[in-house]
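# Remarks on the overall topology
Spelled out, the chains give:
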Amino acid sequence: MCGIVAYVGKRQAQEVVIKGLKRLEYRGYDSAGIALLNEGLSVYKKKGKVTDLEQHLKGKALNSHIGMGHTRWATHGEPNDVNAHPHYSASGKFAIIHNGIIENYSSLKQELLNKGHKFLSDTDTEVFIHFIEDIKEHEQCPLDEAVRLALTRVVGAYAIVIMSLEDPDLLVAARKGSPLVIGVGKDEFFLASDATPIVEYTNEVVYLNDQEIAVINDGKLSIKNTANLPLTPYIQTVDLELEAIEKGGFEHFMLKEIFEQPRSISDCMRGRLDAQKGRLVLGGLREYLAKLTNADRILIVACGTSWHAGLVAEYFFEEFCRIPVEVEYASEFRYRNPVIREGDVVIAISQSGETADTLAAIELAKSKGAIIFGVCNVVGSSIARATHAGAYTHAGPEIGVASTKAFTAQLTVLNMIALIVAQKKGTITEQKLHELLVEMETIPAKVERALKLNDQIESIAAEFKDARNFIYLGRGYNFPVALEGALKLKEISYIHAEGYPAAEMKHGPIALIDEEMPVVFIATNDSSYEKVVSNIQEVRARKGRVIAIVTEGDKLIPKMAEFVIEVPSVHEALMPMVSVVPLQLLSYHIAVMRGCNVDQPRNLAKSVTVE
Ligand code: F6R
């Protein structure tokens, strides 16, 4: 949440920063601001999108070789011009941008109020920079030392960058719990919440670690930790193409990402799965594979869509590996003193690799001695680095706030992990394994076919765009898909939607059904097909409007459903990768028809780096 970007070098800082903020806008978009050094240390900020800030900057003389900017997702204080970042210190000599949250800010604020400080905003960030300046004055030390001392007293999560009026070539940055990447160019440096604002200029990056402080001064980068130990910057090459972070002719990133799924699923399997050769390997798993194979229990921790992927994996692991699985909301797990025993293995799933609750759940499980596997999309992310082992999903950057291609890539990786374990444990026959591997390889083509239903789904969307509620029902492997379908709809179209196991409907939700209620059944031809057919009848008997996702060639359900969407046939354990696609498209089209901002839905942010 919140995106930060900074630049120092020979270019016009304003251009680099504004462009970078646009790339990071998926992280927060309620207000934006920029600081530049020209006449003085100038801060410009505006409620709204980065384009509103751009308008606000028009006609101003903004020549500066150093600058930093912020796009905000509000935590403390409502979204308005004043609460937008950057924030000045008391003297106005320093400015800060901050992604994260300072938990003990009210006690620090009180301390500073007692000393006569005055605050303009309601933010924790303004307190942070006042506090740093206060230490600097008191200790008569350089800025980076004041930052270091301040960090030893601050509780919370942060990625910060500070600029100084006194030092026109200085940027001081630090991180704990929120990501920060440093791009190293020729005589220039870039800082950003992720690599997307940087790759246009350089692919040499340094990922700052927790408790590290970076100082860029006079064209040199140095890093130390909060214990004041100097560290050698570890420069890595980031593999990210510019076209992957642009819309490429699609109206929205979400649509582009939905349509990318045949490729992202293939990319995810490439070099790892080859049914013909009987090859199934995940290099990142090797070292700890025995732990996973011998696990007494698997705990899956995740949030949102990633949690739904975990629920599908629960069915898959239990069926093929015969290991009990529990799927936990990371935000609950971390605070309820969970029982973690020797023999338990944790799998953490996260697209961004930065979700604060998932990260905290990992740290908790680690502190209790558990081995943690990560399934992340963003290479080098905090979760990827905090886990003992894992596998990347290789779905490419997901920029639309609603997760789509990350979900199907997570399922691909989780299925591969489960099949490797099942093979090792001997809980799957070679024949069954081969059959599933062959089927896995057909998924990209089947998703491609499901995408051909786009026009049909658009016309169904037109029928239901004004609905006020939706129910999604599925059983077995398709139950988590129902949850995912409902989440997609509510988050981008603001229509209330509930996902339920179809059989559970009778225990309450059936009371909601009347002639106005759209009920989406994921009713593909699997082991619970007949039961789902009965559930459809029950909804029809109460005049609910049934939209059914069925397997191609289904003869029965078209007779009872108002709308039928036919997806290609696939083994039921793999069906979620296909059956979710029409639901993604349905929510997309409904949201577009309702005039919603599909890529940046209200109140949401792509990486939830605060708890
Ligand atoms: C829904 C969505 C969120 C995320 C959740 C976890 O479309 O995007 O529910 O799935 O915030 O995020 P990651 O996977 O980055 O940990």
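Residues numbered from 1 in each chain as written. Predicted model: local features only at pLDDT ≥ 70, side-chain atom pairs only at ≥ 80, totals over all residues. Heavy atoms only, no water.

### Quick notes on the site of the ligand
This is how the line gets drawn: When we say a residue is near a molecule or strand, we mean one of its heavy atoms is within 4 Å of it. Throughout this description, a polar contact denotes any pair of N or O atoms lying within 3.5 Å of each other; where both atoms belong to protein, one of them has to be capable of donating a hydrogen while the other can accept it, and for residues adjacent in sequence the pair is counted only when both atoms sit in side chains. Here a helix means four or more residues in a row that DSSP labels H or I, a strand means two or more in a row labelled E, and each is numbered from the N terminus. Each residue is assigned to one of three groups, with Ala, Val, Leu, Ile, Met, Phe, Trp, Tyr, Cys and Pro labelled nonpolar, Asp, Glu, Lys and Arg labelled charged, and all others, Gly among them, labelled polar.
In the region of the ligand, 15 residues are neighbours, and Ser306, Ser350, Ser352, Thr355 and Glu491 sit closest. Within the side chain of Ser352, one N or O atom sits 2.6 Å away from an oxygen atom of the ligand. Between the ligand and the protein, one listed contact pairs an oxygen atom with a backbone N or O atom of Val401 at 3.2 Å. Of all the secondary structure elements, the ones that give two or more residues to the shell around the ligand are helix H9 (304–321) and helix H16 (478–493). A per-class count over the shell around the ligand returns 5 nonpolar, 8 polar and 2 charged.

### What to know about the packing of aromatic side chains
How we decide: Pairs were defined over the aromatic rings of Phe, Tyr and Trp, the Trp ring being its six-membered one, requiring ring centres within 6.5 Å. Orientation was assigned from the angle between planes: stacked under 30 degrees, edge-to-face over 60, tilted for the rest. Burial classification: accessible surface area is computed with a 1.4 Å probe over protein chains only, and a residue below 20% of its type maximum counts as buried, one above 50% as exposed, and the rest as partly exposed.
Counting across every chain of the model gives 10 aromatic pairs. Ring geometry for Phe190 and Tyr201: centres 4.8 Å apart, planes at 10°, overall stacked. Placement of Phe190 in strand S10 (residues 189–192) and of Tyr201 in the loop between S10 and strand S11 (204–207) is noted, with a sequence separation of 11 residues between them. Both rings, one in Tyr315 and one in Tyr477, keep their centres 5.5 Å apart while their planes meet at 45°; by these two values the pair is tilted. On the criterion of sequence distance, the pair formed by Tyr315 in helix H9 and Tyr477 in the loop between strand S23 (469–474) and H16 is long-range, its members being 162 residues apart. For Tyr477, a relative accessible area of 5% translates into the label buried.

### Focus: the UniProt feature "domain: Glutamine amidotransferase type-2" (unreviewed entry) in the protein chain
Quick note on the threshold: UniProt positions are given in the numbering used here, feature names are shortened, and annotations may be inferred rather than shown by experiment.
The UniProt feature table records "domain: Glutamine amidotransferase type-2" (unreviewed entry) at residues 2–219. Across residues 2–219, the secondary structure splits into 25% helix and 33% strand, with the terminal C-alpha atoms separated by 27 Å.

### Some points on the UniProt feature "domain: SIS" (unreviewed entry) in the protein chain
The feature "domain: SIS" (unreviewed entry), as annotated in UniProt, sits at residues 288–427 and 460–601 in this numbering. Segment residues 288–427 splits into 46% helix and 20% strand. End C-alpha atoms: 19 Å apart. Between the C-alpha atoms that bound residues 460–601 the distance is 22 Å, and the span itself is 37% helix and 20% strand.

### Examining unusual backbone geometry
The step from His85 to Pro86 runs through a cis peptide bond, and the omega angle for that step is 0°. In this structure, Pro86 sits in the loop between strand S4 (66–72) and strand S5 (87–88). With a phi angle near 75°, Asn228 is a residue other than glycine that sits in the positive phi range. In this structure, Asn228 sits in the loop between strand S13 (220–225) and strand S14 (230–231).

### Quick word on the packing of helix H13 (residues 405–425) against helix H18 (residues 576–593)
Here is the rule: To get an axis, fit a line to the C-alpha atoms, keeping to the stretch in contact for a helix; angles then go from 0 to 180 degrees between the N-to-C directions. Reported orientations rely on four angle classes, namely roughly parallel under 35 degrees, roughly antiparallel over 145, roughly perpendicular from 65 to 115, and oblique for the rest. Contacts are assigned to residue pairs with any non-hydrogen atoms lying within 4.5 Å of each other.
Packing of H13 against H18 brings their axes to within 10 Å, and their N-to-C directions diverge by 175°. Judged on the interaxial angle alone, H18 and H13 are roughly antiparallel. Contact residues: Phe407, Thr408, Leu411, Thr412 and Asn415 in H13; Pro576, Met577 and Val580 in H18. Taken together, the residues that form the contact of H13 with H18 break down as 5 nonpolar, 3 polar and no charged.

### Some points on helix H15 (residues 454–464)
Note the following rule: In this context, the arc is that of the directions from the helix axis out to the C-beta atoms.
Where H15 is concerned, the buried positions are Asn454, Ile457, Ile460, Ala461 and Phe464. Along H15, the residues classed as buried sweep out an arc of 120° about the axis, all on the same side.

### What about the environment of Met254?
With respect to the helices and strands, the residue Met254 is situated in helix H6 (residues 253–259). If near-sequence neighbours (up to four positions away) are discounted, Met254 is found in contact with Gly400, Ala402, Thr404, Lys488, Ile492, Gln584, Ser587, Tyr588, Val598 and Asp599.

### A closer look at the pairing of strand S2 (residues 31–37)
Quick note on the threshold: Pairing between strands is defined by DSSP: at least two bridges between them are needed.
Most of S2 sits inside the fold, with 7 of its 7 residues counted as buried. Side chains Ser31, Gly33, Ala35 and Leu37 project from S2 onto one buried face, and the interleaved Ala32, Ile34 and Leu36 project onto a second face that is buried too. Note that S2 and strand S3 (residues 41–47) share 7 bridges and pair antiparallel. In the strand pairing of S3, Gly33 is matched with Lys45. Between the end of S2 and the start of S3, which pair antiparallel, lie 3 residues. Sheet topology places S2 next to S4; 6 bridges connect them, and they run antiparallel. Across the sheet, Ile34 pairs through a bridge with Gly69, a residue of S4.

### Concerning the environment of Ala313
Along the chain, the position of Ala313 falls in helix H9. Taking relative accessible area as the criterion, Ala313 reaches 2% and is therefore assigned buried. Between the C-alpha atom of Ala313 and that of Gly3, which follows or precedes it by 310 residues, the distance is 32 Å. Those residues in contact with Ala313 that sit more than four places away from it in its chain are Ile300 and Leu414.

### Description of the pattern of salt bridges
The test is simple: The salt bridge definition used is simple: a Lys or Arg side-chain nitrogen within 4 Å of an Asp or Glu carboxyl oxygen.
Evaluation of the coordinates by the stated rule reveals 33 salt bridges. Glu552 serves as the salt-bridge partner of Arg449, at 2.6 Å between the closest nitrogen and oxygen. With Arg449 in helix H14 (residues 430–451) and Glu552 in the loop between strand S26 (545–551) and strand S27 (563–567), this pair connects stretches of sequence that are 103 residues apart. Among the residues examined, Arg449 registers a relative accessible area of 40% and is labelled partly exposed. Using a relative accessible area of 36% as the deciding quantity, one classes Glu552 as partly exposed. Among the ionic contacts, a cluster of salt bridges with common partners joins Lys19, Arg23, Glu200 and Glu246.

### Focus on the sheet that holds S23
Strand order in the open sheet formed by 5 strands is S24-S23-S25-S26-S27, with parallel pairing between adjacent strands. For this open sheet the edge positions go to strand S24 (496–501) and S27, each flanked by a neighbour on one side alone. Each strand of the sheet is rotated relative to its neighbour by a mean of 20°, with strand direction disregarded. Here S23 runs beside strand S25 (residues 518–522); their pairing, made up of 4 bridges, is parallel. Its bridge partner lying in S25, Leu473 is registered against Phe521.

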